[in-house]
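Each chain, written out:
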Amino acid sequence: MAAWIAISAPGLVNFDLMLAKNFHFTERVRLDFRAEAFNLMNTPAFNFPGGTIGTSQFAVISSTLPGTDARQIQFALKLGF
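All values derive from a computational prediction rather than experimental measurement.

## Structural notes on the sheet that holds strand β3 (residues 72-80)
Inference 1: The antiparallel open sheet is built from three strands, whose spatial order is β1-β2-β3. The strands lining the two open edges of the sheet, one partner per strand, are β1 (17-24) and β3. Ignoring which end each strand starts from, the neighbouring axes of this sheet average 10° apart.
Inference 2: In terms of strand pairing, β1 meets strand β2 (residues 30-38) through eight bridges, oriented antiparallel. Following the sheet pairing, His-24 is matched in β2 by Arg-30.

So, in structure tokens, the structure goes:
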């Protein structure tokens, strides 16, 4: 007889934000400002828990997902004429 055990992993939370403002100095000259934040709350993306029954790593999360980045903030200015 086989027993089934369900293990759930934490969800992925990612909050990105972008703010932009255009400044018009004359009819032809403008300045564009842009601020972007990726993973603003700096929430880690945890990997799946261990699923081997009988080991010390069963249901333990010991790493984060590869390829997930920490908080990144960037600013940009563009002058158009």
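## Topic: the pattern of salt bridges
Inference 1: Tallying each qualifying case throughout the model produces two salt bridges.
Inference 2: Across the pair Arg-34 and Glu-36 runs a salt bridge whose closest N-O atoms are separated by 2.7 Å.
Inference 3: Look at Glu-36 and you get buried, because its relative accessible area is 14%.

About the criteria used
- Residues numbered from 1 in each chain as written.
- Predicted model: local features only at pLDDT ≥ 70, side-chain atom pairs only at ≥ 80, totals over all residues.
- Heavy atoms only, no water.
- Pairing = 2+ DSSP bridges.
- Helix = DSSP H or I, 4+ residues; strand = E, 2+ residues; numbered from the N terminus.
- Axes fitted to C-alpha atoms, helices over the stretch in contact; angles between N-to-C directions.
- Salt bridge = Lys/Arg side-chain N within 4 Å of Asp/Glu carboxyl O.
- Buried < 20%, exposed > 50% of the residue type's maximum accessible area, 1.4 Å probe, protein only.

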